[in-house]
Amino acid sequence: RSGRPEEESAVVVSEVGVRTANDIDRAFDGFAQQPLGGLSLISSPLTVTNRATIIELAARYRLPAVYPLRFFAESGGLMSYSSSSVDMYREAASYVDRILRGANPAELPVQQPTKAELVINLRAARALNIAFPPAVLALAEALERALCDVAGDDLRPRQVRRADAPHDGARDLRRPHGDGLGL
């Protein structure tokens, strides 16, 4: 054993090379043959453009998937874990402001995203018969509750939110990178 995390937990990581939209079906056919599989996708023009197909195939083959952008989970995918787009755009705007005020762009520091967001689609979880522990649900930026708001649904999130949370029903429990989430 090398001590690498995937070896310690007996997880086998397989890269599937997909270069065109035609490769997506073949990749899913092959990947779905593996027992206890799951997906972790990267963000690329190919995955974003074909997200509906990817989400549909993951559901058809009953493969849990972690997507690279929030709108994948909002479009029906199981979950996403990514940097906060809102915060990145806000930071970009502050850079534009500094430049317009005379700052030299070459002297501005390069910054990494400081917040990550976890979005869980409870309808997709239910379809895959996945029950997330309450601790994971509490970390979620948003629970797509509009998709699963059924009377008696034990997956429905409770009305517990921080005082500064948005009032649209979404949980706003943002966590900075490096806090041990490791998702």
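Bear in mind that the values here come from a model prediction, so they are computed numbers and not experimental data.

(A) Representation of the environment of alanine 52 in the model. Looking at where alanine 52 falls in the secondary structure, it is placed in helix H4 (residues 51-60). The exposed category is assigned to alanine 52, whose relative accessible area is 59%. Remark: the alpha-carbon pair of alanine 52 and glycine 77, spanning 25 residues in sequence, is separated by 8.9 Å.

(B) Local environment of the packing of helix H2 (residues 21-31) against H4. Viewed as axis vectors pointing N to C, H2 and H4 meet at an angle of 15°, and their least axial separation amounts to 11 Å. Classified by the interaxial angle, the pair formed by H2 and H4 is roughly parallel. Judged by the twist between their axes, the crossing of H2 over H4 is right-handed. On H4, the residues touching Ile24, Asp25 and Phe28 of H2 are Thr53, Ile54, Leu57 and Ala58. In the contact of H2 with H4, the residues fall into five nonpolar, one polar and one charged.

Rules behind the numbers
- Residues numbered from 1 in each chain as written.
- Predicted model: local features only at pLDDT ≥ 70, side-chain atom pairs only at ≥ 80, totals over all residues.
- Heavy atoms only, no water.
- Helix = DSSP H or I, 4+ residues; strand = E, 2+ residues; numbered from the N terminus.
- Buried < 20%, exposed > 50% of the residue type's maximum accessible area, 1.4 Å probe, protein only.
- Axes fitted to C-alpha atoms, helices over the stretch in contact; angles between N-to-C directions.
- Parallel < 35°, antiparallel > 145°, perpendicular 65-115°, else oblique.
- Left-handed = near helix turned anticlockwise from the far one by under 90°.
- Contact = heavy atoms within 4.5 Å.
- Nonpolar A, V, L, I, M, F, W, Y, C, P; charged D, E, K, R; others polar.

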